[in-house]
Amino acid sequence: MPIKNDDVTWVEEPEFGLLEAMYLPAIAEGVKTTLKHFFRPQTTTEEYPEVKPDLPLNYRGLHRLNRDEQGRVKCVACFLCATACPARCIEIVGDKAPWPDRDKYPTKFVIDELKCIYCGMCEEACPVDAIELTSIFDLTGRSREEMLFDREKLLAVYDQTVGSGKDPVRTHSGPLGAAAEIVTTLFPAGGSASYEHPPGPSVAPGTSDASQHNAPP
Amino acid sequence: MIWIYASIAIVVVMGAVLGTCAYLIWIERKLAARVQDRIGPNRVGPFGLLQPIADGLKFVFKEDVVPAGADKALFIIAPTISVFTTMLAFAVVPFGPAPPDGKGFPFGIAPYVDIGVIFVFAVTSLAVYGVILGGWSSNNKYSALGSLRSSAQVVSYEVPLGLSVLGVGLLAGSFNLDSVIRAQTGDPGIRGLFDWYIWCQPLACLIFFSSALAESNRLPFDLPECEQELVGGYHTEYSALKFAMFFLAEYTHVITVSFLTAILFFGGWHFPWIAEASSDYFGAVVVKVLVLAAKVGLIISFIMLIRWTLPRFRFDQLMTLTWKVFIPLSLCNLLGMMIIKQYDLSRWWMLLASIVLVVAATGTSLFLARFGPSVARARPAPQAASGVPVR
């Protein structure tokens, strides 16, 4: 395809006259800039151990297993996260759940934090928001065995990070799980969303008032 | 009596120079950091003040590697030559007012040497040996290339370095550094400020300063040792204390050059009211030493600031600058000075002549770039005749 005229930017070479060829004015300009930065520095350095960095909400750090309102582990041992994991670091052994409202629950849930690549695929795959990635990034251990996080350790991470203000976004989703959140934000016209009746542009036939239309998604 | 004074002066100078070199590293890192909108070293002591000590200890304890196939004797001698020559150059530099009658503390190791400036240049020329031998004995092609480039640069820049100082020598009537200072401190009060040689020979100062920067391989002339080009140039293969010696030699050279600039062009220890030639109030000597130290400090800070202001010169640009720009300009400067001295004109004509020279040189270079012989032309002639699109 030939290039359109609108896409072409013509640039003129800067003028190179006597004053520019001396280079001294340019050097003076440069020294002025450097001096300005010297006398009025705006340091952007964060001095690390004293000042922790401000991480965004969807930061992918250490995993945790969420508990539900009754304190039980939310995970139903569906193996979706283990299947989705590209590094194959999740090992699950499921068994019949001891509670009447669940089919299965994990008796063994081990994540090898050293193998994990912190991609978040397990968090995205989980249908019940059981596994989430927190903002903990400075994890250390003294042996490889110590970094194999089993179910109790992952639940302990939950107990320590819940309500910290940096909780992952999916924790706050409603009874339908994370998928419900998408519907709510697309159609903000009130009420808990349900698929039977998404509130759309409710324009009565005959009126063409623009204010009746919802904002396009 | 003079040998006692000389010994004390040697101890003071060595201690001060080595200590200043170490803390120049701190100043450089902090200054560089502020200019780049970040904090420099601030962990090791309060404000990172113990960082040079940590660096020194690191250099002492590092493993000393001598590459296989390297010429051992030359490998070890090269950094020592660098350090030795740059330290020796300090022997004639006065760091305070030397009493003219020879009685009293001389504030310099050998301040009454009549060939002062020439001695400094002669001795620092020997530093090229350190560079050449260092690069050659490393048994490394990149080091050899770096040392070749560096030696070509150093040798080429010595010519304008010497030529630009000749004008100062003519004005002062002597190369004795103390006489040069005294020649700039004649008049009392604010008129003394205008006696400094910077006002009547700005071009010579510029050429001297730039050539001195090039002599010590300092940005913007640090192609032979920059990381992007040659890993480390001639000091790639040097590890612990030998590398520290090359470093020390470079910073000592910077200090020497700053002292020389302050003495030759900025009046040395002179300052209009508080530190004149005739001040002899109690403590005047200390004030003079402090004034000189302050001037040297400002010049060193400027050298470091320039490092973060200008981009590096390419090697052919380096060579063009010295042979085609600095040498003709310094020769013309010398010619102007000779005319002024011969016909007893006022020295302020030299200021006018300097400005005229710079404008004329710039005009000549622009003219040559546009209309000169094809080698010198900045852009090739357009191929409009053949209808082939101009690339």
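Everything that follows concerns the structure shown earlier in this document.
Presented here is an overview of the structure given in this document. The structure presented is a predicted model; accordingly, all values stated were derived computationally and were not measured.

1. Here we look at the overall build of chain B
- A tally of regular secondary structure across chain B gives 15 helices and 0 strands.
- Compactness check: chain B gives a C-alpha radius of gyration of 23 Å against a globular reference of 21 Å for 391 residues, within 12% of the reference.
- Structurally, chain B occupies a C-alpha span of about 80 × 60 × 40 Å along its principal axes.
- Out of the 391 residues belonging to chain B, those deemed buried represent 49%.
- Of the contacts made within chain B by residues no fewer than 6 positions apart, 75% connect residues no fewer than 24 positions apart.
- Total accessible area on chain B is roughly 18700 Å²; 71% of this is exposed by carbon and sulfur atoms.
- Each charge sign in chain B was given a centre, from 27 positive and 23 negative side chains, and these centres are 8 Å apart.

2. Some details on the packing of helix H6 (residues 141-172) of chain B against helix H14 (residues 315-342) of chain B
Residue and element names in this part refer to chain B.
- Running from N to C, H6 and H14 point in directions that differ by 15 degrees, and their axes come no closer than 9 Å. Relative to H14, H6 is oriented roughly parallel. Note that H6 runs across H14; the crossing there is left-handed.
- A breakdown of the residues in the contact of H6 with H14 according to their chemical character gives 19 nonpolar, 7 polar and 2 charged.

3. Some thoughts on the state of the cysteines
Residue and element names in this part refer to chain A.
- As enumerated under the stated definition, the model contains 0 disulfides over all chains in all.
- Note on Cys81: no disulfide assigned, nearest cysteine sulfur contributed by Cys75 at a separation of 6.2 Å.
- Overall, the relative accessible area of 7% leaves Cys81 in the buried class.

4. Focus on a nonpolar patch on the surface
Residue and element names in this part refer to chain B.
- A surface patch of nonpolar side chains, amounting to about 830 Å² of accessible area, comprises Ile190, Phe194, Trp199, Phe271, Trp273, Ile274, Tyr281 and Trp348.
- With respect to the helices, strands and loops of the structure, Trp348 is situated in helix H15 (residues 348-371).
- In this structure Trp348 comes out as partly exposed when scored by relative accessible area, which is 40%.

5. Looking at the interface of chain B and chain A
- Contact residues are listed per partner, giving 21 residues for chain B and 24 residues for chain A.
- For chain B, the biggest contributors to the area lost against chain A are Arg34, Asp37 and Arg43 of chain B; these three give 29% of the whole.
- Note that Arg43 of chain B is salt-bridged to Glu50 of chain A, the shortest N-O span being 3.1 Å.
- Linking chain B with chain A are 8 residue pairs in polar contact (both at pLDDT 80 or more).
- Only helix H1 (2-35), helix H13 (284-307) and H15 of chain B provide two or more residues apiece to the side of chain B that touches chain A.

6. Description of the sheet that holds strand E5 (residues 148-149) of chain A
Residue and element names in this part refer to chain A.
- Strands sit in the order E2-E3-E5 across an open sheet of 3 strands; the sheet is antiparallel. Among the strands making up the open sheet, the edge pair consists of strand E2 (90-96) and E5.
- Helix H5 (residues 151-161) contacts strand E3 (104-112) and E5 of the sheet and is inclined by roughly 85 degrees relative to E3.

7. Overview of the pattern of salt bridges
- Scanning the model with the defined rule gives 17 salt bridges over all chains in all.
- Measuring nitrogen to oxygen at the nearest pair gives 3.2 Å for the salt bridge that ties Arg64 of chain A to Glu132 of chain A. Taken together, the residues Arg64 of chain A in strand E1 (residues 63-65) and Glu132 of chain A in strand E4 (residues 131-133) connect sequence positions 68 residues apart. The exposure classification of Arg64 of chain A matches that of Glu132 of chain A, with both residues buried.
- Of the charged contacts, one joins Arg307 of chain B and Glu28 of chain B as a salt bridge, the two residues approaching to 2.7 Å between their closest N and O atoms. Linking Arg307 of chain B in helix H13 with Glu28 of chain B in helix H1, this pair joins segments that are 279 residues apart in sequence.
- Glu28 of chain B sits in the buried class, given a relative accessible area of 6%.
- Beyond isolated ion pairs, a larger network of salt bridges with shared partners links Asp68, Arg72, Asp101 and Arg102 of chain A.

8. Here we look at the nonpolar core
- Residues Phe259, Leu264 and Phe265 of chain B are the most contacted members of the largest nonpolar core, which totals 78 residues.
- Per-element tally for this core: the top contributor is helix H12 (residues 241-265) of chain B, with 11 residues.
- What Phe259 of chain B contacts, discounting residues up to four positions off in sequence, is Phe90, Val93, Pro94, Phe95, Leu292 and Val296 of chain B.
- One finds Ile90, Ile92, Cys126 and Ile131 of chain A within the second-largest nonpolar core, a separate group that totals 22 residues.

9. Concerning the environment of Pro97 of chain B
Residue and element names in this part refer to chain B.
- Position of Pro97 relative to the elements: it lies in the loop between helix H3 (72-88) and helix H4 (116-125).
- Residue classification places Pro97 among the buried residues on the basis of a relative accessible area of 9%.
- Between the C-alpha atoms of Pro97 and Arg182, which are 85 residues apart in sequence, the distance is 9.1 Å.

10. A few points about empty space enclosed by the protein
Residues and elements named next belong to chain B.
- Per the counting criterion, the structure on display carries 4 cavities of 30 Å³ or more.
- Of the volumes computed, that of the largest cavity is approximately 190 Å³.
- Contributing elements (two or more residues each) for the lining of the largest cavity: H3, helix H5 (127-136) and H12.
- Broken down by element, the lining of the largest cavity gets its largest block of residues, 4 residues, from H12.
- Its residues assigned to classes, the lining of the largest cavity comprises 7 nonpolar, 6 polar and 2 charged.
- Size it by volume and the second largest cavity reaches roughly 70 Å³.

11. Side note on H3 of chain B
Residues and elements named next belong to chain B.
- For H3, which comprises 17 residues, the first-to-last C-alpha distance of 25 Å matches the rise-based estimate of 24 Å (1.5 Å per residue) to within 8%.
- Of all the residues in H3, the buried ones are Phe75, Ala78, Pro79, Ser82, Val83, Thr85, Thr86 and Met87.
- Elements that come into contact with the buried residues of H3 comprise H1, H4, H5 and H12.

Rules behind the numbers
- Residues numbered from 1 in each chain as written.
- Chains lettered and ligands numbered in written order.
- Predicted model: local features only at pLDDT ≥ 70, side-chain atom pairs only at ≥ 80, totals over all residues.
- Heavy atoms only, no water.
- Helix = DSSP H or I, 4+ residues; strand = E, 2+ residues; numbered from the N terminus.
- Rg over C-alpha atoms; globule rule 2.2 N^0.38 Å.
- Buried < 20%, exposed > 50% of the residue type's maximum accessible area, 1.4 Å probe, protein only.
- Contact = heavy atoms within 4.5 Å.
- Areas by Shrake-Rupley, 256 points an atom, 1.4 Å probe, with all protein chains shown as cover.
- Lys, Arg positive; Asp, Glu negative; His and termini not counted.
- Charge placed at Lys NZ, Arg CZ, Asp CG, Glu CD.
- Axes fitted to C-alpha atoms, helices over the stretch in contact; angles between N-to-C directions.
- Parallel < 35°, antiparallel > 145°, perpendicular 65-115°, else oblique.
- Left-handed = near helix turned anticlockwise from the far one by under 90°.
- Nonpolar A, V, L, I, M, F, W, Y, C, P; charged D, E, K, R; others polar.
- Disulfide = S-S within 2.5 Å.
- Patch = residues over 30% accessible without salt bridge, like charges linked within 9 Å, V, L, I, M, F, W, Y side chains within 5 Å.
- Salt bridge = Lys/Arg side-chain N within 4 Å of Asp/Glu carboxyl O.
- Buried area = accessible area lost by both parts, 1.4 Å probe.
- Polar contact = N/O pair within 3.5 Å; in protein donor to acceptor, adjacent residues only side chain to side chain.
- Pairing = 2+ DSSP bridges.
- Core = buried A, V, L, I, M, F, W, Y, C linked by side-chain atoms within 4.5 Å.
- 1 Å grid on protein atoms, 1.4 Å probe; cavity = no way out; pocket = protein on both sides within 12 Å on 5 of 7 lines; lining within 4 Å.
- Points joined across faces, edges and corners; volume = space filled by probe spheres on them.
- Expected span 1.5 Å × (residues − 1).

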